[in-house]
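Given next are the chains, with one letter for each unit.
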Amino acid sequence: MKLDFNKNVKRNMIANAVSSGIRLLFPFLNRTLFLWLLGPAYLGLNGLFGSLLGVLMLAELGFGMAVICSMYKPVANDDRELLCAYMKFFRSVYRWVGSVIFIGGMMLMPFLDKLVHGSVPPDVNLHVLYFIHLVNTASSYGLFAYRGSILGAHHRNDVVKNISSAVSVVQYVVVFLILLVTRNYYNYLFATVFFTLLQNVLLVVASRRLFPGMEPRGELPPELRRKVISDVKSVFMHKVGGVITYSTDNLVISAFLGLVAVASYGNYYYVMASVAGIVEVVYASLTGGFGNKIHTESKEENFRLFMRMNRLSMVVVVFCSAMMTAMYQPFMVEWVKGDPTLMRHALTPVLMVVFFYVVQSRQVLLAFKSAATLWRQDRWKPIVAGAVNLVTNILFVLFLPDAYKLDGVIFSTIIGLVLIQVPWESHVMFTSFFGKTEARAYWRSYTGFTLCTFVVCAVAWLAARAVPSAGIPGVAAKGVAAAVATLLCMAAFFRGDVADAIGILRGGIKKGR
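Residues numbered from 1 in each chain as written. Predicted model: local features only at pLDDT ≥ 70, side-chain atom pairs only at ≥ 80, totals over all residues. Heavy atoms only, no water.

Another aspect to go through is the overall build of the protein chain. In terms of helices and strands, the protein chain carries 20 helices and 0 strands. Across the 513 residues in the protein chain, those meeting the buried criterion constitute 57%. Long-range contacts, defined as pairs at least 24 residues apart, comprise 86% of the intrachain contacts of the protein chain with a sequence gap of at least 6. Carbon together with sulfur atoms contributes 68% to the accessible area of the protein chain, which is approximately 21600 Å² in total. (Helix = DSSP H or I, 4+ residues; strand = E, 2+ residues; numbered from the N terminus. Buried < 20%, exposed > 50% of the residue type's maximum accessible area, 1.4 Å probe, protein only. Contact = heavy atoms within 4.5 Å. Areas by Shrake-Rupley, 256 points an atom, 1.4 Å probe, with all protein chains shown as cover.)

So this is what it looks like as structure tokens:
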């Protein structure tokens, strides 16, 4: 069955855009309330628990991605019985995953005190808070998470996003009221657990409505089971490397520098991650469609689609990079009210922008690579990069001057990305699926975008700096100046790509440039 790529991409983009808007606005308000009502130490606890549970979620091993990508071919062949067998297999695996996460989390409980440098807020119990976070994470795997596989395989992630958006809006309103009225962190966590359960229930209802009769039943043939397990081994190594690369940053900062340092780093990282959600609107809308195209179209047509989507993504990445360069520090000054314990010097936002650009500029390539199930070929890449990141993290934190220790954490991640991950994964993509001619075309495009990004970022920064106003109105004025300068530069450098992006959003994806 050939899916309607244009229609699915458009509705996925709309759903992702709404979801990204919610994730930009509401978590920002939530984080601001934490800072103003509870203090930075509570933000540090959230960051610490998130990183710990990120390590525990390795128990998932990558089954979700491996199973969904394995389902692309039966979707293309309209093999409903095989899809049901995959769902049953997925359900069994995820029940084990939820149990392993819970048991592993309980085994970490006695060591929590060792992971916090200094004291915790006096009105909370570190172990009780961690237990609630653990239950929330384990239950999300052990209940109905497998139902999302049928939606992802049919390129209907918009359904998942719409449910998540609706629940998130209600959740944040309730959480705001809880924080304002009770200023109690425990009540905040209990509400989070409730809404996690609600979102899972709604996901089951939606998947059954859209795909009636698609229930977990039957047995997956042994050869397909072995193929999934083989893919899982490779995906697991990618996940281990990802956790080492991203989740250990907060753990290192907490262990060496304390919870307030975690909160300071977390604020800057939060802004970068929130802006990354804008780019996600593009690439998160594509993977399922790529998977279907790989099984229904030629490689030449797939490369044209890949390059077109990559250019669309890069236009968004360049704009976001320029605006972050111009607005990061003025925004942070107003957000944290100039608190010196939470503010960083000018190098920190620059490194965050570089980090953002390197990560986001590769996302369409990674989406296509996942859809093509090219995991085994570079399975050691994330392990090597993660190990380099961890070692350099610790060295920078130990030996850099105090003012630059957090910058060392960011720079260590950039080193692993630029020197190891980006060249390795690109080599796999252009030797295992596409060819050398396609590689040259891709790198010419990437180099051009990168060089222009430096220019656009510099112009945006100068435009914002030329506005002398302070306070919230000043930040808004700087933002307008930076946006105008950025758009003028992009109109000069990327006129064809911007027009192409608008055409895609208006009329779908047609064959052409």
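Another aspect to go through is the nonpolar core. In terms of nonpolar packing, the biggest core is built from 124 residues, with Phe306, Tyr328, Phe356 and Phe430 touching the most fellow members. Looking at which element gives the most residues to this core, the answer is helix α13 (residues 299–335), with 20 residues. Apart from the residues lying within four places of it in its own chain, the contact partners of Tyr328 are Tyr268, Val271, Met272, Met323, Pro349, Met352 and Val353. Ranked by size, the runner-up nonpolar core spans 16 residues in total, among them Ile22, Phe26, Tyr172 and Tyr186. (Core = buried A, V, L, I, M, F, W, Y, C linked by side-chain atoms within 4.5 Å.)

With that settled, the discussion passes to the environment of Gly266. Mapped onto the elements of the fold, Gly266 is located in helix α11 (residues 259–283). For Gly266, a relative accessible area of 15% puts it in the buried group. Linking Gly266 and Asn250, residues 16 residues apart in sequence, is a C-alpha distance of 8.1 Å.

In this section: α13. Bending of α13 peaks at approximately 50 degrees at the position of Met327, with proline Pro330 no more than four residues after it. In terms of residue burial, α13 counts as a mostly covered element, since 26 of its 37 residues are buried. Positive phi appears at Lys337, one or two residues downstream of α13, with a value of about 60 degrees. (Bend = angle between axes of the 7 residues up to and from the residue.)

Bringing the pattern of salt bridges into the picture now. Here the structure, examined in full by the defined rule, presents 9 salt bridges. A salt bridge links Arg217 to Glu81; the shortest N-O distance between them is 3.2 Å. Of the two residues, Arg217 sits in the loop between α9 (185–210) and α10 (222–257) while Glu81 sits in helix α5 (residues 80–108), which places them 136 residues apart along the sequence. By relative accessible area, which is 34% here, Arg217 ends up partly exposed. Linking Arg208 and Glu215 is a salt bridge whose minimum nitrogen-to-oxygen distance equals 3.2 Å. Exposure remark for Arg208: the relative accessible area of 43% places this residue in the partly exposed category. Owing to a relative accessible area of 25%, Glu215 belongs among the partly exposed residues under this scheme. Connected through salt bridges with shared partners, the residues Arg362, Lys369, Asp378, Lys381 and Glu425 form a single ionic network. (Salt bridge = Lys/Arg side-chain N within 4 Å of Asp/Glu carboxyl O.)

This part is about the packing of α13 against helix α18 (residues 436–465). When two helices pack together, their arrangement is given by the angle between the helix axes and by the axis-to-axis distance. Running from N to C, α13 and α18 cross one another at 20 degrees; their axes reach a closest spacing of 8 Å. In terms of orientation, α13 and α18 fall into the roughly parallel class. Read as a crossing pair, α13 and α18 show a hand that is right-handed. Class assignment for the residues of the contact of α13 with α18 results in 17 nonpolar, 5 polar and 2 charged. (Axes fitted to C-alpha atoms, helices over the stretch in contact; angles between N-to-C directions. Parallel < 35°, antiparallel > 145°, perpendicular 65-115°, else oblique. Left-handed = near helix turned anticlockwise from the far one by under 90°. Nonpolar A, V, L, I, M, F, W, Y, C, P; charged D, E, K, R; others polar.)

Summed over the entire model, instances satisfying the criterion amount to 24 aromatic pairs. Consider the rings of Phe430 and Tyr442, whose centres lie 5.1 Å apart with planes at 35 degrees: the pair is tilted. With Phe430 in helix α17 (residues 405–432) and Tyr442 in helix α18, this pair connects stretches of sequence that are 12 residues apart. Tyr442 shares its class with Phe430; the two are buried. Between Trp443 and Tyr446 the ring centres are 5.4 Å apart and the planes differ by 70 degrees, which places this aromatic pair in the edge-to-face class. With a gap of 3 residues between them, Trp443 and Tyr446 both fall in helix α18, about one helical turn apart. We classify Tyr446 as buried; its relative accessible area is 13%. In textbook terms, an aromatic cluster arises when at least three aromatic residues are bridged by ring pairs, as seen for Phe303, Phe306, Tyr357, Phe368, Phe430, Phe433, Phe434, Tyr442, Trp443 and Tyr446. (Phe/Tyr/Trp six-rings, centres within 6.5 Å; stacked < 30°, edge-to-face > 60°.)

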